[in-house]
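# Structural features, examined
Chain residues, written in single-letter form:
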Amino acid sequence: MNDGALFGPKPVFDRWVAAQLALLLAMTGALLAGAGWHGGFGGAQALSGQLPPLLWECLTTLGDERVLLALMLPFTLRHPRVFWSVVLAALLTALIARGFKWGLPMPRPAAVLPPDQITVIGWRLKGLSFPSGHTGSAFAYATVWFAFLGWRRGWPLIAVAAVAGFSRIAVGAHWPIDVLGGALFGTCGAWLGLRLADRWRWGLRTGPHWGLAVVAAIAVATLPFEAQGYPGSLPWRIAVALWGLGGFAAAYLMPLLRGGWKAASAPLAGIADTKA
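Residues numbered from 1 in each chain as written. Predicted model: local features only at pLDDT ≥ 70, side-chain atom pairs only at ≥ 80, totals over all residues. Heavy atoms only, no water.

### What about the layout of surface pockets?
If a probe the size of a water molecule is rolled over the atoms, the empty space left behind becomes visible. Quantified by volume, the largest pocket comes out at close to 490 Å³. Lining the largest pocket are 21 residues, and of these Glu65, Arg98, Lys101, Gly133 and His134 sit closest to its centre. Among the secondary structure elements, those contributing two or more residues to the lining of the largest pocket are α5 (80-103) and α7 (133-149). For the lining of the largest pocket, the leading source of residues is α5, giving 6 residues. When its residues are assigned to classes, the lining of the largest pocket shows 7 nonpolar, 8 polar and 6 charged. Of the volumes computed, that of the second largest pocket is approximately 370 Å³. Taken together, 20 residues form the lining of the second largest pocket, with Leu24, Met27, Phe139, Ala162 and Leu180 sitting closest to its centre. (1 Å grid on protein atoms, 1.4 Å probe; cavity = no way out; pocket = protein on both sides within 12 Å on 5 of 7 lines; lining within 4 Å. Points joined across faces, edges and corners; volume = space filled by probe spheres on them. Helix = DSSP H or I, 4+ residues; strand = E, 2+ residues; numbered from the N terminus. Nonpolar A, V, L, I, M, F, W, Y, C, P; charged D, E, K, R; others polar.)

So, in structure tokens, the structure goes:
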């Protein structure tokens, strides 16, 4: 499936984004009005307690940019527009999230609640709570792919992003309001990233694309060695890293070794200058 149609007017996708943002804003408003900034945390943690902590350790890594890159690496050369859009969406989402984290430094659950009222899985984080960066990354990634795949094939990715967001509550790292904020900013970042990628096609040129892919592969290679507070997820992180690096080797390195630079760069020829 060629990703040439990713760019250009997408009225159906735009309406879906508007609807999702409206829903997230409505949920945020209802939560604040009904239970306050810290509302919903106890009930969400009680619900998450029905599943083993190890599962939440693995699910919460779905908001780790390295895991998202690993899942995508086998497809980046086949879908370079999606890859470039994801890179820009992730950067924009991170900028928005960091701006709020430092401009509105809110305490995390572990800094507010006594130990007997919270389950913490992994590091006991206490500051820079709003918004959830993991949730923002997951929604930015999922929303770009949703724009490409359409509703029928793309909605499961949105559902997975929502589960990744819920996992941030399950591990005791974020309030529900943080997760809603992360989902909102990730959706906005994806929408902006898609439009910026269409207008600024630097990342579709052969050299920059390869550079970004190599950086992604290096980041993915760190997954087995850096747990970010979730050591129990090691088997999952190893599997994801092998998937990503194997895909990188098959898509990039093997053609390079067999046919040289000309063969390896052929799939990207002229893409940056081709309008959808």
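### Side note on empty space enclosed by the protein
For the coordinates displayed, the defined rule picks out 1 cavity of 30 Å³ or more. By volume, the largest cavity is sized at about 30 Å³. As for the largest cavity, its lining consists of Thr60, Thr61, Asp64, Arg66, His134, Ala227, Gln228 and Tyr230. Of the residues assigned to the lining of the largest cavity, the class counts are 2 nonpolar, 4 polar and 2 charged.

### A look at the packing of α5 against α7
Packed helix pairs are characterised by how far apart their axes lie and by the angle those axes make with each other. Two elements in contact, α5 and α7, have axes separated by 9 Å at closest approach and are oriented at 150 degrees. Of the possible angle classes, the one that applies to α5 and α7 is roughly antiparallel. Seen along the crossing, α5 lies across α7 with a hand that is right-handed. In this structure, α5 uses Val82, Ser85, Val86, Ala89, Thr93 and Lys101 to contact α7, whose residues at the interface are Gly133, Gly136, Ser137, Ala140, Tyr141, Val144, Trp145 and Phe148. Considered class by class, the residues forming the contact of α5 with α7 number 8 nonpolar, 5 polar and 1 charged. (Axes fitted to C-alpha atoms, helices over the stretch in contact; angles between N-to-C directions. Parallel < 35°, antiparallel > 145°, perpendicular 65-115°, else oblique. Left-handed = near helix turned anticlockwise from the far one by under 90°. Contact = heavy atoms within 4.5 Å.)

### Describing the pattern of salt bridges
Applying the stated criterion to the full structure yields 4 salt bridges. The partner of Asp3 in a salt bridge is Arg81, and the shortest N-O contact between them spans 2.7 Å. Placement of Asp3 in the segment before α1 (11-35) and of Arg81 in helix α5 is noted, with a sequence separation of 78 residues between them. In this structure, Asp3 and Arg81 share a single accessibility class: buried. Here Arg66 ties to Asp64 by a salt bridge, and the two come within 2.8 Å at their closest N and O atoms. (Salt bridge = Lys/Arg side-chain N within 4 Å of Asp/Glu carboxyl O. Buried < 20%, exposed > 50% of the residue type's maximum accessible area, 1.4 Å probe, protein only.)

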